Amino acid sequence: MSAQRPLVGFIGLGNMGSGMTRNLLAAGFPLIVNDIRREAAAEQLDAGAEWAETPAALAARADLVITMLPTPKHVDLVVNGPAGVLAGLADGGTWIDMSTSVPEVADRVRVEHAGRGFKILDAPVSGMSVGAAAGMLQIFVGGDSADVLRVRPVLEAMGDPERILHVGGHGAGYAVKLMINQLWFSHLVATAEVLAVGTKAGVDLEVLRQALIASPANSAFVERDVLSVLRDGDYDEGFAIALACKDLGLSIDLARSVGVPTELSALVEQVYRRARAQYGDLAGEMTPVKLYEDLIGQELRVAAGTGLAAGAELAGAEVAA
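Position numbers for residues start from 1 in each chain and track the written sequence from start to end. At least 70 in pLDDT is required for a residue's local features to be given in this predicted model, at least 80 for side-chain atom pairs to be given and counted, and no such filter applies to totals for whole chains, interfaces and linings, which use all residues. Side-chain numbers come from the whole structure's heavy atoms, not from hydrogens or water.

## A closer look at the overall build of the protein
Here is step 1 of the chain: A tally of helices and strands in the protein yields 16 helices and nine strands.
Here is step 2 of the chain: C-alpha atoms define the radius of gyration, and 2.2 Å times the number of residues to the power 0.38 defines the globule rule. Relative to a compact globule of 321 residues, whose C-alpha radius of gyration would be 20 Å, the protein shows 20 Å and is just as compact.
Here is step 3 of the chain: For the protein, the C-alpha atoms occupy an extent of roughly 65 × 45 × 35 Å along the three principal directions.
Here is step 4 of the chain: For the protein, long-range pairs separated by at least 24 residues make up 70% of all intrachain contacts whose partners lie at least 6 apart in sequence.
Here is step 5 of the chain: Here the accessible surface of atoms and residues is derived via Shrake-Rupley with a 1.4 Å probe, and residues count as covered only by protein chains that are part of the display. A total of about 13500 Å² of accessible surface is found on the protein, and carbon and sulfur atoms cover 57% of it.
Here is step 6 of the chain: Positive and negative charge centroids in the protein, built from 25 and 39 side chains respectively, lie 2 Å apart. Helix and strand assignments come from DSSP, with helices taken as H or I runs of at least 4 residues and strands as E runs of at least 2, each series counted from the N terminus. Should any heavy atoms of two residues lie within 4.5 Å, those residues are considered in contact. Neither His nor the chain ends contribute to the count of charged residues, in which Lys and Arg are positive and Asp and Glu negative. Working definition for charges: the position is that of NZ of Lys, CZ of Arg, CG of Asp or CD of Glu.

Structure below.
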């Protein structure tokens, strides 16, 4: 990229996008934003960002466009709709999709608009809203190496430079993020089950957790991530279980498309869907732990101050968007 910072167009100012745009502004990138709700942009506009009435208007002015949206359907509508990104993006323009999504939407753009020379990258993130706010997201980028290098300064404004990984060609970023989410959700369900059984059998919860940490069964989830529930009673409502179920469904769809049976992942998806049905769409992504708490008739809690410092917990956070 040139020495002059490009004008970044950013669409999607939810829990993740709000923190990401704050960090772009703090890094000195001029910013133009759009969201389905203008009020979601109040903080960015106060900090000097500009507002675009439509994705097309944003794309017509921006040097590159970033989308951070809830589902592939939203990405498709925002990009391909009558007032979408492609209606305003100049030939040869750059679009970075940072949503947790699937390759189909971007693939269709590349096929149907092959003559327009668009530079398209998939760059989904991990780190939850706390990582977005801190500018310490992990970013998994799929696309051409030259394009990744060109936009890296923009990505570094939102993520940890050491954990911005070029993971392969187009679609690889989407696939890696879905696999990370799938394994993290599987860790959550397995950990909740083990802690519930052990506690019900009379083992002190923190003694059990420390035994797991000292064993070959240890994981980043057992050591760090589960503490938000065990210590603070926080099931992470910053990432709704409805979105977690969406991600799990996309992961299962990806497995089906490549012909790999995923019996365990399908079971984890069903546990998540049961928790969603029981506690509602807006319950936190870690709410399946509550299913097991309800089954044994007690909350799984350890003393305040147990576990690692906040910085270490941030380093372990893997899921978001």
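Let us keep going from here.
## Some details on the side chain of Thr94
Here is step 1 of the chain: Structurally, the position occupied by Thr94 is in strand β5 (residues 94-97).
Here is step 2 of the chain: Each residue's exposure class comes from its accessible area (1.4 Å probe, protein chains only) as a fraction of the maximum for that residue type: buried when under 20%, exposed when over 50%, partly exposed otherwise. Residue Thr94 is classed as buried on the basis of its relative accessible area, which comes to 3%.
Here is step 3 of the chain: Polar side-chain contacts of Thr94 include one of 3.0 Å to the side chain of Arg150.
Here is step 4 of the chain: The residues touching Thr94, leaving out its near neighbours within four places in the chain, are Leu64, Val65, Leu89, Lys119, Arg150 and Val151. Polar contact is defined as a pair of N or O atoms within 3.5 Å, subject to the rule that within protein one atom must be able to donate a hydrogen and the other to accept it, and that residues adjacent in sequence are counted only when both atoms are side-chain atoms.

## Remarks on the layout of surface pockets
Here is step 1 of the chain: Grid points spaced at 1 Å and placed over the protein atoms alone form the basis of the search, with a cavity being a set where a 1.4 Å probe fits but cannot get out and a pocket an open set showing protein on both sides within 12 Å along at least five of seven lines. Lining residues have an atom within 4 Å of a point. Grid points are joined across faces, edges and corners, and a volume is the space filled by probe spheres set on the points. Roughly 770 Å³ of volume is contained in the largest pocket.
Here is step 2 of the chain: Lining of the largest pocket is provided by 32 residues; of these, Gly12, Asp35, Met68, Leu69 and Pro70 occupy positions nearest its centre.
Here is step 3 of the chain: Elements with a contribution of two residues or more to the lining of the largest pocket: α1 (15-26), α4 (72-80) and α7 (128-134).
Here is step 4 of the chain: Here the residues of the lining of the largest pocket sort into 18 nonpolar, ten polar and four charged. Under this grouping Gly is polar, as are all residues other than the nonpolar Ala, Val, Leu, Ile, Met, Phe, Trp, Tyr, Cys and Pro and the charged Asp, Glu, Lys and Arg.

## Digging into the packing of aromatic side chains
What characterises a pair of aromatic rings is the spacing of the ring centres plus the angle enclosed by the ring planes.
Here is step 1 of the chain: The criterion for an aromatic pair is that two Phe, Tyr or Trp rings (for Trp, the six-membered ring) have centres within 6.5 Å, with stacked assigned to planes under 30 degrees apart, edge-to-face to planes over 60 apart and tilted to the rest. Under the counting rule described, the total for this entry stands at three aromatic pairs.
Here is step 2 of the chain: Members of the aromatic cluster, joined through ring pairs, are Trp184, Phe185, Phe221 and Tyr272.
Here is step 3 of the chain: When the ring centre of Phe29 is taken as reference, the NZ or CZ atom of Arg5 above it lies at 4.5 Å. Cation placement over rings: the criterion is NZ of Lys or CZ of Arg within 6 Å of the ring centroid and within 35° of the ring normal.

## Some points on the confidence of the model for the protein
Here is step 1 of the chain: Here the protein averages 93 in pLDDT, and 95% of its residues register 70 or above.
Here is step 2 of the chain: Under a pLDDT of 50 for its full length, residues 309-317 has, in the predicted model, 18 contacts with residues more than four places off or in other chains. The quantity called pLDDT is the predictor's confidence in a given residue, expressed from 0 to 100.

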